[in-house]
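Architecture at a glance
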Amino acid sequence: GESVGLHLPTLSVQEGDNSIINCAYSNSASDYFIWYKQESGKGPQFIIDIRSNMDKRQGQRVTVLLNKTVKHLSLQIAATQPGDSAVYFCAETSTGNQFYFGTGTSLTVIP
Amino acid sequence: DAGITQSPRHKVTETGTPVTLRCHQTENHRYMYWYRQDPGHGLRLIHYSYGVKDTDKGEVSDGYSVSRSKTEDFLLTLESATSSQTSVYFCASGRDSAKNIQYFGAGTRLSVL
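Residues numbered from 1 in each chain as written. Chains lettered and ligands numbered in written order. Predicted model: local features only at pLDDT ≥ 70, side-chain atom pairs only at ≥ 80, totals over all residues. Heavy atoms only, no water.

**Here we look at the overall build of chain A**
A count of helices and strands for chain A gives zero helices and ten strands. The C-alpha radius of gyration computed for chain A amounts to 13 Å, which stays within 12% of the reference 13 Å derived for 111 residues, consistent with globular compactness. Projected onto its principal axes, the C-alpha positions of chain A cover 40 × 30 × 25 Å. When each of the 111 residues of chain A is scored for burial, the buried share is 42%. In chain A, once contacts between residues fewer than 6 apart in sequence are set aside, the share between residues at least 24 apart is 53%. For chain A, the exposed area adds up to about 5,500 Å²; of that, 49% sits on carbon and sulfur atoms. Taken together, the 8 basic and 9 acidic charged side chains of chain A have centroids lying 5 Å from each other. (Helix = DSSP H or I, 4+ residues; strand = E, 2+ residues; numbered from the N terminus. Rg over C-alpha atoms; globule rule 2.2 N^0.38 Å. Buried < 20%, exposed > 50% of the residue type's maximum accessible area, 1.4 Å probe, protein only. Contact = heavy atoms within 4.5 Å. Areas by Shrake-Rupley, 256 points an atom, 1.4 Å probe, with all protein chains shown as cover. Lys, Arg positive; Asp, Glu negative; His and termini not counted. Charge placed at Lys NZ, Arg CZ, Asp CG, Glu CD.)

Here's what the structure looks like:
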């Protein structure tokens, strides 16, 4: 999961395996969530989003699961590839004007 | 980066000098945002805009001002830069509704010495 420490949580997976990245959010009123991918030296890139009226949403090789009861969000990446190596973080909002971003998880894919 | 350009990409300045960062988007997005990214913190909102000449503060707005005179341009000004404002700054834009995807620029790395 994500933390506010100086060192990012890390996840190392073998190429071809599935990856699961977790995010705990704090505001029970948050009703819109986004996962971003950030490669070194680049801006965050949108991966997938989900609204609170859904528990699951699938994209291409990615699935986001939302558990509102325990305020937990996860990102599943199927058949992880070397190009998936990056920092992944979630963002939450209740108002839309103010998004709160997690510090991220660093994913390393081992060829 | 969804048509969002930030300039400059890198800047080194001295304490006490004014600095302006520029963000230009070609998506005709209504919303624009300025964030800073620091180690140990997630992206933190500085200011945002919900239309031309319509701006509001984010959670870390002290020491920063913004202006939006055209839909496509959003400027962030540090009136008198301090070392605590050394950071990577990201601009983002979003479509009509606030609860929607934000598309980010490549970032500006600012060092205040």
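Here the narrative resumes.
**Structural notes on the state of the cysteines**
Residues and elements named next belong to chain A. For the structure shown, the criterion picks out two disulfides over all chains. Across the disulfide from C23 sits C90; the S-S distance is 1.7 Å. Highlighted residues: C23 in strand β2 (residues 19-24) and C90 in strand β8 (residues 86-93), separated in sequence by 67 residues. Judged on exposure class, the residue C23 and its partner C90 are both buried. (Disulfide = S-S within 2.5 Å.)

**What to know about the interface of chain B and chain A**
Many structure descriptions define interface size as the accessible area lost when the parts assemble. With 23 residues of chain B at the contact, the number on the chain A side is 27 residues. Interface area for chain B against chain A, summed over the two sides, is near 1,800 Å², with a carbon-plus-sulfur share of 54%. When the buried surface of chain B facing chain A is broken down by residue, G40, K99 and I101 of chain B rank first, second and third, together holding 32% of it. Summed over the shared surface of chain B and chain A, the result is zero salt bridges. Across the contact surface, chain B and chain A share three residue pairs in polar contact (both at pLDDT 80 or more). By residue number, the principal contributor to the side of chain B that touches chain A is strand β4 (residues 31-37) of chain B, which donates four residues. For the side of chain B that touches chain A, the per-class residue count stands at twelve nonpolar, eight polar and three charged. (Buried area = accessible area lost by both parts, 1.4 Å probe. Salt bridge = Lys/Arg side-chain N within 4 Å of Asp/Glu carboxyl O. Polar contact = N/O pair within 3.5 Å; in protein donor to acceptor, adjacent residues only side chain to side chain. Nonpolar A, V, L, I, M, F, W, Y, C, P; charged D, E, K, R; others polar.)

**Brief notes about the environment of S7 of chain B**
Residue and element names in this part refer to chain B. Within the secondary structure layout, S7 lies in strand β1 (residues 4-7). Sequence separation between S7 and T20 is 13 residues, and the spatial gap between their C-alpha atoms is 9.1 Å. Those residues in contact with S7, other than ones at most four positions away along the chain, are L21, R22 and T108.

**Observations concerning the sheet that holds strand β7 (residues 64-70) of chain B**
Residues and elements named next belong to chain B. Taken in spatial order, the four strands make up an open sheet running β1-β3-β8-β7, and their pairing is antiparallel. The sheet is open, and its two borders are formed by β1 and β7, each paired with just one other strand. When strand polarity is set aside, the average angle formed by the axes of neighbouring strands in this sheet is 20 degrees. Pairing between strand β3 (residues 19-25) and strand β8 (residues 73-78): six bridges, direction antiparallel. (Pairing = 2+ DSSP bridges. Axes fitted to C-alpha atoms, helices over the stretch in contact; angles between N-to-C directions.)

**Section: the side chain of R44 of chain B**
Position of R44 of chain B relative to the elements: it lies in strand β5 (residues 44-51). Not counting residues within four places of it along the chain, the set of residues in contact with R44 of chain B comprises W34, Y35, R36, D38, E59 and V60 of chain B.

**Overview of the pattern of salt bridges**
With the rule as written, the count across this model stands at seven salt bridges over all chains. As a salt-bridge pair, K42 of chain A and E39 of chain A come within 3.9 Å of each other at their nearest N and O atoms. A single network of salt bridges, built from pairs that share partners, joins R36, D38 and R44 of chain B.

**Some thoughts on unusual backbone geometry**
The omega torsion across S7 of chain B and P8 of chain B is -10 degrees, close enough to zero to call that bond cis. Inspection of the secondary structure puts P8 of chain B in the loop between β1 and β2 (10-13). The phi dihedral of K71 of chain A is positive, around 55 degrees, even though this residue is not glycine. Counting through the fold element by element, K71 of chain A comes out in the loop between β6 (62-67) and β7 (72-77). Backbone geometry places A79 of chain A, a non-glycine residue, at a positive phi of 50 degrees. Given the relative accessible area of 35%, A79 of chain A is considered partly exposed.

**Details of the sheet that holds strand β5 (residues 56-58) of chain A**
Residue and element names in this part refer to chain A. If you walk across this open sheet you meet the four strands as β2-β7-β6-β5, and the pairing is antiparallel. The strands lining the two open edges of the sheet, one partner per strand, are β2 and β5. Looking at each pair of strands side by side, their axes are set apart by 15 degrees on average, direction ignored. Pairing between β2 and β7: six bridges, direction antiparallel. Bridge pairing in β7 places C23 opposite L73.

Without other data, these values stay purely geometric and don't point to any function.
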